[in-house]
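# Remarks on the overall topology
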Amino acid sequence: MIKKHLTRGYRISKYVVYKETLVNTTEKFWSFLGSVIGIGLIAFIQDKLLTTNDNVFLIGSFGASCVLVYGIIESPLAQPRNLVGGHVVSAIIGVTVFKLCPDVIWLTAPLAVSLSIIGMQYTKTLHPPGGATALIAVSGSAKIKALGYFYVLYPVLAGVTILLIVALVFNNLTSKRSYPAGGRLLRLLKRRAGFKRAR
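Residues numbered from 1 in each chain as written. Predicted model: local features only at pLDDT ≥ 70, side-chain atom pairs only at ≥ 80, totals over all residues. Heavy atoms only, no water.

The next point concerns helix α5 (residues 105-123). Between the first and last C-alpha of α5 there are 26 Å, a value that for 19 residues agrees with the 27 Å anticipated at 1.5 Å per step. Lining the buried residues of α5 we find α4 (80-100) and α6 (129-139). (Helix = DSSP H or I, 4+ residues; strand = E, 2+ residues; numbered from the N terminus. Expected span 1.5 Å × (residues − 1). Contact = heavy atoms within 4.5 Å.)

Taken as a whole, this structure holds two aromatic pairs when the rule is applied. Relative to W30, the ring of F29 lies with its centre 5.1 Å away and its plane at 75 degrees, an arrangement referred to as edge-to-face. With a centroid separation of 5.4 Å and an interplanar angle of 15 degrees, the aromatic rings of F57 and Y154 are classed as stacked. Highlighted residues: F57 in the loop between α2 (25-49) and α3 (61-71) and Y154 in helix α8 (residues 150-170), separated in sequence by 97 residues. The buried category is assigned to F57, whose relative accessible area is 3%. Judged by relative accessible area, which is 22%, Y154 ranks as partly exposed. (Phe/Tyr/Trp six-rings, centres within 6.5 Å; stacked < 30°, edge-to-face > 60°. Buried < 20%, exposed > 50% of the residue type's maximum accessible area, 1.4 Å probe, protein only.)

Okay, the packing of α2 against α8 next. Close contact between α2 and α8 brings their axes to 9 Å; oriented N to C, the two are set at 150 degrees. By the angle between their directions, the pair α2 and α8 is classed as roughly antiparallel. As α2 runs across α8, the sense of the crossing is right-handed. For the pair formed by α2 and α8, the contact residues are W30, L33, G34, I37, G38, I39, L41, I42 and I45 on the first element and G159, I162, L163, V166 and F170 on the second. (Axes fitted to C-alpha atoms, helices over the stretch in contact; angles between N-to-C directions. Parallel < 35°, antiparallel > 145°, perpendicular 65-115°, else oblique. Left-handed = near helix turned anticlockwise from the far one by under 90°.)

Next up, the structure:
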């Protein structure tokens, strides 16, 4: 009986891994192109348009967001509400935790991450990289910590806005990809176009 359950569990897990890693060449190309453009724009802005004193625009959690919004665009965790809301909610929580206990990293790090998970769950904006955004708020460089609540607007909100705009463009360039999931963007654009024609 146990052997039968183990064999069945092995077959199911093998199938799930196979299906999850089954991505055709075209999908890989669009994932690559979207992430190159998204992170590239943020890196360009940091390198060329900001002074060296403002060298905080490219935070690590953006890389993890790219995996979701360009690589697995159908995931509920990759949708625009989750991308933007997850980062913003987590940034607010991270900064708040840091302000309450600024120099107690053994307390602020777990609290920032754990409270950000709860915050994202309550707001229905669960986005795994949000946990990293909260952690960066309490463990990042002195420049990041000095931003205070401006960290929420810049780099977090500004950066995810760039990632979202690029995702909306590149994930909808072909008929085989649709972002947000379920063709919501296309339906919204068609509705708006129909409204304008009716006027």
